[in-house]
Amino acid sequence: MKNIQLVSGIAFIALIFTSCKDEKQEKAQKTIDSYVAYVDSVKNVTADDLKENWKGVETEYDKRAEEAQLALADIKDNTAATEKINTSKVKYEEFRNEMAVLFAPTPSPKQQLRNALFGEGKIGDDMNFAWVNAKNIHSVYQQFVHTVENNKDKYTREDWDEVKLMYEALDSRKNTVEKEGLTAEDNRKIAGLKLKFAPMYTVNRIGAKSEETAVAKK
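We now turn to the structure provided with this report. (Residues numbered from 1 in each chain as written. Predicted model: local features only at pLDDT ≥ 70, side-chain atom pairs only at ≥ 80, totals over all residues. Heavy atoms only, no water.)

As for the overall build of the chain
On a plain count of helices and strands, the chain comes out with 7 helices and 0 strands. Start at the N end of the chain and walk to the C end: the helices and strands fall as α-α-α-α-α-α-α. In the chain, which comprises 218 residues, the proportion classed as buried is 31%. Long-range contacts, defined as pairs at least 24 residues apart, comprise 74% of the intrachain contacts of the chain with a sequence gap of at least 6. Accessible surface computed for the chain: about 14300 Å², of which carbon and sulfur atoms make up 55%. (Helix = DSSP H or I, 4+ residues; strand = E, 2+ residues; numbered from the N terminus. Buried < 20%, exposed > 50% of the residue type's maximum accessible area, 1.4 Å probe, protein only. Contact = heavy atoms within 4.5 Å. Areas by Shrake-Rupley, 256 points an atom, 1.4 Å probe, with all protein chains shown as cover.)

Structure below.
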C-alpha cells in the first residue's frame with residue numbers, strides 16, 4: 001500500500017512539473033508571438049503618428065525584443081521560434097531605416113546648395129575641404145562649375161553670395177593641393193573651368209541683384 005502511495009505521489013509530482021513546464025513554454029510562445037505582432041502592427045501606423053511618437057515606438061520595440069529573446073530559453077525546441085524572431089528583427093530594421101530617411105530633417109537652403117555643388121553632405125557648417133585632394137580636385141571643380149551653369153537662372157542674390165564663398169574656399173584648398181602633386185594637366189583643366197566661372201558669376205550676380213531691386217520697388 002505504501003509503495004502504491006509512493007508511486008502515485010511521484011506520478012503526481014511529475015504531472016505538476018510537466019504542467020508547469022508546458023505553461024512556461026506556452027507563456028514564452030505568447031511573448032514571442034506578441035513581439036512579432038507588434039512589429040507587424042507598427043508598419044500599419046501612419047507616418048505622421050509614427051513621427052510624433054517614434055521615441056515611444058522604439059522604447060516599446062526594444063522591450064519586446066528583449067523579452068522575446070529571453071523567452072527562447074523556455075522553449076525546448078526553439079528553432080522555429082528563433083526564426084520568427086530573426087525574421088521580425090530584419091523587418092523592423094528595414095522599417096527603421098525607412099523611417100530614418102523619412103524623419104530626417106530637411107536641409108536648410110544653404111545646405112541644399114552646398115550638397116548640389118559638392119555632393120550630399122560633403123561640405124557642412126565646418127567648411128572642411130580636407131576630402132578634396134590632388135586626385136579628385138579637378139572633378140570637384142567640374143561638378144561645381146557645371147552645377148552653377150545649370151542653375152544660374154534660378155539663383156538668388158543670396159545664393160550667388162554662397163556660391164562665391166564656396167568657390168573661394170575651394171580655391172584656398174587648391175593652393176594646398178598644388179603642393180601635394182597636382183598634375184599639370186589637371187591644373188590646366190581647372191584653369192579653364194575658373195575662366196568659365198568668373199564672368200558667369202559676375203553677370204548673373206549683378207542680374208540677380210537687379211531683379212530683387214526691381215521687385216522691391218513694386
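Some thoughts on the nonpolar core
If you look at the biggest cluster of nonpolar residues, it comprises 28 residues, and the most contacted ones within it are Leu117, Phe118, Phe144, Val148, Val163 and Phe197. Every element with two or more residues in this core is listed here: helix H4 (109–118), helix H5 (137–151), helix H6 (157–177) and helix H7 (184–217). Take this core: its biggest share by element is 7 residues, from H6. Apart from residues lying up to four places away in sequence, Phe197 is in contact with Phe144, Val145, Val148, Val163 and Tyr167. By size, the runner-up hydrophobic cluster in this structure holds 22 residues, among which are Tyr35, Leu50, Tyr92 and Phe103. (Core = buried A, V, L, I, M, F, W, Y, C linked by side-chain atoms within 4.5 Å.)

Brief notes about the pattern of salt bridges
One side chain can pair with another of opposite charge once the charged atoms of both are near each other. In total, this model carries 17 salt bridges according to the counting rule given. A salt bridge links Glu185 to Lys189, with the nearest nitrogen and oxygen atoms 3.9 Å apart. Of this pair, Glu185 and Lys189 both sit in helix H7, separated by 4 residues, roughly a single helical turn. Here the salt bridges share partners, and the residues they tie into one network are Glu58, Asp62, Glu93 and Arg96. (Salt bridge = Lys/Arg side-chain N within 4 Å of Asp/Glu carboxyl O.)

A short note on the packing of helix H2 (residues 47–71) against helix H3 (residues 79–103)
One can describe the packing of H2 onto H3 by two numbers: an axis separation of 12 Å at closest approach and a directional angle of 155 degrees. Classed by the angle they form, the pair H2 and H3 counts as roughly antiparallel. The element H2 and its partner H3 pack so that their crossing is left-handed. Only Ile85, Lys89, Tyr92, Phe95, Arg96, Met99, Leu102 and Phe103 of H3 make contact with H2, whose side of the interface consists of Ala47, Leu50, Lys51, Trp54, Val57, Glu58, Tyr61, Asp62, Ala68 and Gln69. Here the contact of H2 with H3 is composed, by residue class, of 12 nonpolar, 1 polar and 5 charged. (Axes fitted to C-alpha atoms, helices over the stretch in contact; angles between N-to-C directions. Parallel < 35°, antiparallel > 145°, perpendicular 65-115°, else oblique. Left-handed = near helix turned anticlockwise from the far one by under 90°. Nonpolar A, V, L, I, M, F, W, Y, C, P; charged D, E, K, R; others polar.)

Focus on H3
Side chains three or four residues apart in an α-helix point the same way, a direct result of the helix having 3.6 residues per turn. Spanning 25 residues, H3 covers 36 Å between terminal C-alpha atoms, matching the ideal 36 Å at 1.5 Å per step. When H3 is considered as a whole, its buried residues turn out to be Ala81, Ile85, Ser88, Tyr92, Phe95, Met99 and Phe103. (Expected span 1.5 Å × (residues − 1).)

By themselves, these figures tell us nothing about what the structure is for.
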